[in-house]
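A structural walkthrough
Listed here are the chains, written in short residue letters.
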Amino acid sequence: MARADDFLAYLADFEEVLATKESNEDRKQYILQHFLKVDNPKGFRIPDFDKDLDWVNVSTPLTFASEDSLKGKVVVLDFFTYCCVNCLHVLPDLHQLEEQYSPEDGLVIIGVHSAKFLNEKVTANIVSAVLRYDITHAVVNDSDARLWQQLSVSCWPSFVIVGPHGQVLYYIVGEGHKDKLFEFVSLAIEHYAAKGEISQHPLPIRLEKDRLYTSVLLFPGKVHAGPQADQLVLSDTGNHRLLIVDRLTGVVQTVIGGQEKGFCDGSLQNARFFSPQGVTSFGKLLFVADTENHALRQVNLETGQVTTLAGTGCQGNDQEGGAKGTQQPLSTPWDVAVGVSPGGSEPDVIYIAMAGSHQIWIYCLKDVLWWKNKHYPQGTCVRVAGSGSEENRNNNYPERAGFAQPSGLAISNGLNAVFVADSESSSIRQLSVKDGSVKALVGGDRNPTNLFAFGDVDGQGTEAKLQHPLGLALLADSGPLLIADSYNHKVKCVDIHSKICTTVLGTGVPGNSGGDYPGSGQLNEPGGLCVASEGDAIYIADTNNHCIKILDWKDKSVKQLPVVLKEDSVRRIVENFQNVDMCALHKKPHLPAVTLCPGGHLTFELDLHLAKGLHLNHDAPNGWRVTAGDEETQSVLSSLPSFTSSGSLCLSNIAQKMQLVSLDLPSDIPDMSVLLLVITCQLFICRDNNTCTQVKEQRLQCVNIKKDGVQQENIEIGLDVK
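Residue positions are given per chain, counting from 1 as you read along its sequence in written order. In keeping with the predicted nature of the model, local features appear solely for residues at pLDDT of at least 70, side-chain atom pairs appear and are counted solely at 80 or more, and the whole-chain, interface and lining totals rest on all residues. Values reported for side chains reflect all heavy atoms of the structure, with hydrogen atoms and water molecules removed beforehand.

Per an unreviewed UniProt entry, the protein chain carries the name Thioredoxin domain-containing protein and comes from Pomacea canaliculata.

What follows is the structure, encoded as structure tokens:
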């Protein structure tokens, strides 16, 4: 069994016999016999990772060849791609497994990212996904799918379990196999620990989420125009909350939910969400696709209460539906839109893009009459289109049509149509409200099983190519239709009648810039968009840039909406908590807060310590930079005439101190102000064997301004590089 194909053939026979074992003890003994068999030195061994791969969440690459790395560990390789909703479904299982067994207990989980889309091959985009989905285990970017091919992996997600000497123990294909994953991992750790083959050494874990992040928003997924004409609702997905903001000023008016994930109804402050995505409104009600809670939530702005309309908080596998309220489990709802039932005259249903089951569902706000004279009582949640098979299949019969991870919705009442951003087929589809027929609009392929027909091509119908579109919005009821073409980092426009698709914003390269002329602005994986009531401004959830962009439809210029918390909210926090450490609210590496008086003096000093065997590469651009963490701080820094924001690091010893920058604060800075300063140090560190790596460390410094504050503070930034 020295080859992957031979091992898989053996596993097929093993699985057939294992299925006949009825008791847990019989299964255990048969699995232990299997371990003894694959322990044979001539058995199938895991190929090691290529040395030039990029790693995330660890400070140094991991290897099966080293005794201080993966030797002596049971390793679970999770082959995934971050666009794949099925891959997202197994993350809670992996998280629970990590909580049960640490690396010191003998278990290591490694996400092997094997991209489907070209955009997913970029390590920076994988880092964003790791942060977005709170992945805390090591991830390696197998951009050329070398390990995928060597192990004959065939689909996402797939697990390969490896023993402490690199022996391949087992394969698990697809989602929904939590019990089998836990069974094999637990028995493997027990078996090899009893043989003294499990090592308790730690791993060089360095989580991306522990690095600095200071924006108000974190991976905003969707944006909705409403509930009032001058308001927007933002899905602040990474912070697990909703923000209602003034669409002209960006000032946050209402915060719904908290910055920690959860599943809890109640007041706007006490309710909790888990990575909410789509949001829509009807009157004083908001409806929310609470994606990773697998639930549909309602926010009543009049009573200030959040309730669950459908879903249980756990992923369901029902592909038919029909139960009422929280009796009906859901599977990863990604977007929602208020609409009208067939023959209806006013909004009476919520359409749901059910990404997890590859279908379109509805939630009935009233008793409704559906196709084929089906009666659905108020509160019913039911599938209306999509077989549940992941495909790009158009059909006159809605239950025979196939979708592939639908993630965005837009409704035209005049055209009796629901437009669907079908992300995994990279196409836009059209569902008829009148008869349920599903038709193609643009993108994708005529072959319903081809989910790899993606690209970045303006054109007509299927000649146009998209790459994992996530959001839709209608400029007017009759069109045109705007697309958040996420992995192409663009906004595109479709004439609904001619099916001609053209680019209106974005260069095709991820970036974060505005622009005063058409096509000059840049985006980074935009996830949603909406149109202001007057139709003159397009608001874009620029997800990986953690911001909201505004596209002026007339001159095609683009700028950023400055999303800011109300000034009195910040002051109230300071008043309630004397000497509050505002940095703690960011949950990121930070320095102790200081309190200065207006006109005070602040100095930063770097205290660098390099471990034995390390030295600075003096030919590289070692440097430091001080930037603002919010708009108020930026305004203060801009007013300082002699402020130097960056400089070089000239260090010669392995332990040395160096003054970076000094600040003289304005004497007229308002009392009770809070400044957020971001200090970044970039170092190029080499080992004695001349292998070098870049080290980028950031710290957040909070400065409280009070009349009775001190006149001068010296801040020491300690960096220990090992």
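After that view of the structure, there is still more to cover.
**Regarding the nonpolar core**
Only buried residues count toward a nonpolar core, which is a set of Ala, Val, Leu, Ile, Met, Phe, Trp, Tyr and Cys residues joined through side-chain atoms within 4.5 Å. Only protein chains enter the accessibility calculation, which uses a 1.4 Å probe; a residue is then buried when its area is under 20% of its type maximum, exposed when over 50%, and partly exposed in between. Phe-49, Leu-77, Ile-110, Leu-151 and Ile-161 are the most contacted members of the largest nonpolar core, which totals 82 residues. Here this core takes 8 residues from helix α7 (residues 178-194), the largest share from any one element. Contacts of Ile-110, omitting those with residues within four sequence positions, involve Phe-49, Trp-55, Leu-62, Leu-70, Val-75, Val-76, Leu-77, Asp-78, His-137, Ala-138 and Val-140. Only DSSP runs of H or I with at least four residues qualify as helices, and only runs of E with at least two residues qualify as strands; both kinds are numbered from the N terminus onward. Between two residues, a contact is recorded if the distance between any of their heavy atoms is within 4.5 Å.

**Regarding the UniProt feature "repeat: NHL" (unreviewed entry) in the protein chain**
UniProt positions are given in the numbering used here, feature names are shortened, and annotations may be inferred rather than shown by experiment. The positions that UniProt labels "repeat: NHL" (unreviewed entry) are, in the present scheme, residues 521-554. Secondary structure content for residues 521-554 is 0% helix and 47% strand, while the C-alpha to C-alpha distance between its ends is 15 Å.

**Comments concerning the packing of aromatic side chains**
Each Phe, Tyr or Trp ring, with Trp reduced to its six-membered ring, pairs with another whose centre is within 6.5 Å; inter-plane angles below 30 degrees give stacked pairs, above 60 give edge-to-face pairs, and intermediate values give tilted ones. Using the criterion set out here, one finds 20 aromatic pairs in the structure. A ring pair is formed by Trp-156 and Phe-452, whose centres lie 6.5 Å apart and whose planes are at 35°; its orientation type is tilted. Remark: Phe-452 occurs in the loop between β26 (438-443) and β27 (459-460) and Trp-156 occurs in the loop between α6 (146-150) and β5 (158-162); sequence separation between them is 296 residues. Overall, Trp-156 belongs to the partly exposed group, its relative accessible area being 21%.

**Considering the sheet that holds strand β28 (residues 471-474)**
Spatially, 5 strands are ordered β27-β31-β30-β29-β28 in an open sheet, and the strand pairing comes out antiparallel. The open sheet has two edge strands with one neighbour each: β27 and β28. Note on pairing: two strands pair once DSSP finds at least 2 bridges between them. The pairing of strand β29 (residues 481-485) with strand β30 (residues 490-495) spans 5 bridges and is classified as antiparallel. Its bridge partner being in β30, Leu-482 is matched across the sheet by Cys-493.

**Digging into the pairing of strand β22 (residues 380-385)**
Among the 6 residues in β22, 6 count as buried, and that is most of the element. In the sheet, strand β16 (residues 321-324) pairs with β22 via 2 bridges, with the strands oriented antiparallel. Note that in β22 the partner of Lys-324 across the bridge is Thr-380. Pairing of strand β19 (residues 359-364) with β22 involves 4 bridges; the strand directions are antiparallel. By the bridge assignment, Ile-360 is partnered in β22 with Ala-385.

**Describing the side chain of Asp-78**
Relative to the helices and strands, Asp-78 is located in strand β2 (residues 74-80). As a buried residue without a salt bridge, Asp-78 has its nearest oppositely charged side chain in Lys-261, at a separation of 15 Å. If near-sequence neighbours (up to four positions away) are discounted, Asp-78 is found in contact with Leu-94, Ile-110, Gly-111, Val-112, Pro-157, Ser-158 and Phe-159. Under the convention used here, Asp and Glu are negative, Lys and Arg are positive, and both His and the chain ends fall outside the count. Take a side-chain nitrogen of Lys or Arg and a carboxyl oxygen of Asp or Glu: if they are within 4 Å of each other, that pair is a salt bridge.

**A word on the side chain of Asn-86**
Take Asn-86: it is sitting in helix α3 (residues 85-89). Since its relative accessible area comes to 14%, Asn-86 is described here as buried. A polar contact is formed between the side chain of Asn-86 and the side chain of Glu-175, at a distance of 2.7 Å. Every residue in contact with Asn-86, bar those within four places of it in the chain, is listed here: Trp-156, Pro-157, Glu-175, His-358 and Glu-390. Within 3.5 Å is the distance limit for a polar contact, defined as a pair of N or O atoms, with the added protein rule that one can donate a hydrogen and the other accept it, and that residues adjacent in sequence qualify only through two side-chain atoms.

**Some details on the pattern of salt bridges**
Where charged atoms from two side chains of opposite charge approach closely, those side chains can pair. A complete count under the given rule lists 25 salt bridges for this structure. Note that Arg-3 and Asp-6 form a salt bridge whose closest N and O atoms lie 3.3 Å from each other. Arg-3 sits in the partly exposed class, given a relative accessible area of 45%. Residue classification places Asp-6 among the partly exposed residues on the basis of a relative accessible area of 35%. In this structure, Arg-272 engages Glu-260 in a salt bridge whose closest nitrogen and oxygen atoms are separated by 2.5 Å. Of the two residues, Arg-272 sits in the loop between β11 (266-267) and β12 (276-282) while Glu-260 sits in the loop between β10 (252-257) and β11, which places them 12 residues apart along the sequence. For Arg-272, a relative accessible area of 18% gives the class buried. One network of salt bridges, with partners in common, ties together Asp-456, Asp-485, Lys-490 and Lys-492.

**Thoughts on the confidence of the model for the protein chain**
For the protein chain, per-residue confidence averages 89 on the pLDDT scale, and 92% of positions sit at 70 or higher. Each residue carries a pLDDT score, the predictor's confidence in it, ranging from 0 to 100. Low pLDDT, under 50, characterises residues 567-588; the stretch is placed with 46 contacts to residues that sit more than four places away or in other chains.

**Observations concerning the environment of Val-382**
Tracing the backbone shows Val-382 in strand β22. With 21 residues separating them along the chain, Val-382 and Trp-361 place their C-alpha atoms 5.4 Å apart.

**Points about unusual backbone geometry**
Residue Pro-157 is bonded to the preceding Trp-156 through a cis peptide linkage, with omega at -15°. Looking at the element boundaries, Pro-157 is found in the loop between α6 and β5. Of the consecutive residues Gly-479 and Pro-480, the connecting peptide bond is found in the cis state with omega at 0°. Note that Pro-480 resides in the loop between β28 and β29. One non-glycine residue, Thr-332, adopts positive backbone phi at about 55°. Secondary-structure assignment places Thr-332 in the loop between β16 and β17 (333-339). We classify Thr-332 as buried; its relative accessible area is 3%. The residue Asn-373 is not glycine, and still its phi comes out positive at about 60°.

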